[in-house]
Amino acid sequence: DKVIRVVPESERETQILRAAFNRLKVDLWQPSSPFHIVEGAVADVRVPQNTTRSLLPYLQRANIPYTILISDLQQAIENQTGGRSHRNRRSLSGYNYEVYHSLEEIEDWMHYLNGTYSDLVHMFSVGKSYEGRPLYVLKLGKRSRPYKKAVWIDCGIHAREWIGPAFCQWFVKEALQTYQTDPDMKKMLTQLYFYIMPVFNVDGYHFSWTNDRFWRKTRSKNMRFHCHGVDANRNWKVKWCDEGASLHPCDDTYCGPFPESEPEVKAVAHFLRKHRKQIKAYLSFHAYAQMLLYPYSYKYATIPNFNCVESAAYNAVNALQSAYGVRYRYGPASSTLYVSSGSSMDWAYKNGIPYAFAFELRDTGHFGFLLPEMLIKPTCTETMLAVKNITLHLLKKCH
């Protein structure tokens with residue numbers, strides 16, 4: 001299998017690509033559906049070995065140039081998680097934050113922290129997944145007073161975006177390790193609670209480790225179509241199943257049979273609704289594109305508190321860039337990425353959480369979903385600066 005990049009230069013090329021990708025059922029990495037392929041924007045496509053023989057000559061005949069991003073996908077998968085066998089990954093005191101961890105390892109780690117840092121960490125479950133797994137959340141912060149504002153952070157809504165859960169774990173590690181020495185972190189954990197959900201889509205994430213590295217959706221069954229899963233970021237009750245979501249159960253952006261049909265989405269939505277007076281920021285971590293997005297996703301319109309959110313995004317992106325010079329684009333999701341309905345970020349914002357952001361972490365397509373483990377540390381280090389920046393902005397109160 002290969003991953004290729006195409007940039008349509010005209011309306012004709014756009015139409016040809018949409019039709020070809022629809023017909024061949026390729027796996028689009030960027031954008032998430034053929035519908036979003038537009039003139040002048042990149043399309044990254046994973047092409048199965050048997051399709052490569054028909055697709056690449058077809059593009060050549062149509063005079064559409066392409067570049068090969070990854071020539072041997074299997075090799076790239078092995079490179080990403082290289083040297084797995086010979087490292088002891090069970091010892092929790094020496095937990096390695098610079099490798100990707102399976103769901104089981106992440107859950108063991110959460111239990112371990114819950115027992116070890118009981119003054120700062122409280123672990124609980126908001127419900128069960130379709131396959132019956134607990135949906136664990138870590139509540140992080142000093143129990144300094146009965147009522148505190150809170151920040152919600154989730155990672156891994158899309159199963160194949162492994163750098164997300166890696167960041168959620170990194171955030172927790174940084175909070176616990178620097179709480180005593182870093183005045184900013186002390187302030188954050190004293191004045192706020194953080195609700196952190198390292199793996200939102202637990203069934204899908206598990207499946208991406210055991211069966212299909214590039215699985216995106218949940219794992220619920222569809223009786224009529226024998227296709228599994230719903231896009232957990234198109235299943236929220238905000239302009240549900242409108243533009244940018246698919247009604248077809250076999251598509252990657254399938255919105256589900258009804259809003260909150262997925263137990264994972266329903267459980268988190270219920271929790272956020274119950275705590276909406278307390279939660280002031282919603283941060284969701286995705287990959288890949290190097291962007292910081294805020295509402296709206298489902299329409300081209302300016303949010304009422306645009307100035308506050310915009311300045312928070314601007315400062316966060318600058319803080320992020322200060323680490324390694326990596327530039328993130330930022331702006332409303334609809335115009336910066338593409339229009340999509342039923343997203344968690346829009347839903348959080350519509351439900352009264354004033355700061356709602358979605359991060360698209362590294363990279364911009366060189367490795368795509370297969371970001372090598374050696375890039376976990378720099379990615380998380382720079383992202384940490386952005387998240388701290390947004391959090392401190394929140395405490396300053398913007399009018």
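Cut-offs used in this document
- Residues numbered from 1 in each chain as written.
- Predicted model: local features only at pLDDT ≥ 70, side-chain atom pairs only at ≥ 80, totals over all residues.
- Heavy atoms only, no water.
- UniProt positions renumbered as here; feature names shortened; annotations may be inferred.
- Phe/Tyr/Trp six-rings, centres within 6.5 Å; stacked < 30°, edge-to-face > 60°.
- Helix = DSSP H or I, 4+ residues; strand = E, 2+ residues; numbered from the N terminus.
- 1 Å grid on protein atoms, 1.4 Å probe; cavity = no way out; pocket = protein on both sides within 12 Å on 5 of 7 lines; lining within 4 Å.
- Points joined across faces, edges and corners; volume = space filled by probe spheres on them.
- Domains from an automatic or database assignment.
- Nonpolar A, V, L, I, M, F, W, Y, C, P; charged D, E, K, R; others polar.

The protein appears in an unreviewed UniProt entry as CBPA6 Carboxypeptidase from Chloropsis hardwickii. Looking at the Cofactor (unreviewed entry) heading of the UniProt record, one finds this comment for the protein: "Zn(2+)".

Colleague: What's the story with the packing of aromatic side chains in this structure? I'm lost.
Modeller: One pass over the structure, following the stated rule, counts 27 aromatic pairs. On the numbers, 5.0 Å between centres and 80° between planes, the contact of Y195 with F271 is edge-to-face. Highlighted residues: Y195 in strand 8 (residues 192-197) and F271 in helix 8 (residues 263-274), separated in sequence by 76 residues. An aromatic cluster is present here, built from F167, F171, F194, F285 and F359 joined pairwise through their rings.

Colleague: Help me out: how do you make sense of the UniProt feature "domain: Peptidase M14" (unreviewed entry) in the protein in this one?
Modeller: Per the UniProt record, "domain: Peptidase M14" (unreviewed entry) is annotated on residues 99-394. Along residues 99-394, the helical share is 37% and the strand share 18%, with 31 Å between the first and last C-alpha atoms.

Colleague: What should I look at first to understand empty space enclosed by the protein in this one?
Modeller: Over the atoms, a rolled probe matching the size of one water molecule traces out where space is still vacant. All chains considered together, the criterion is met by 4 cavities of 30 Å³ or more. What the largest cavity holds in volume is close to 260 Å³. Forming the walls of the largest cavity are 23 residues, and the residues nearest its centre are N233, H286, L337, Y338 and E360. Counting residues per element, the ones that place at least two in the lining of the largest cavity are strand 2 (27-30), strand 9 (279-287), helix 11 (344-350) and strand 12 (355-361). Residues lining the lining of the largest cavity come from more than one domain, with at least three contributed by each of domain 1 (2-71) and domain 2 (103-209 + 254-395). Of the volumes computed, that of the second largest cavity is approximately 50 Å³. L103, I106, E107, M110, P134, Y136, P198, V199 and V202 together form the lining of the second largest cavity. Of all the secondary-structure elements, those providing two or more residues to the lining of the second largest cavity are helix 4 (103-116) and strand 6 (134-140). Among the elements that make up the lining of the second largest cavity, the one with the highest residue count is helix 4 (4 residues). Of the residues in the lining of the second largest cavity, the class split is 8 nonpolar, no polar and 1 charged.

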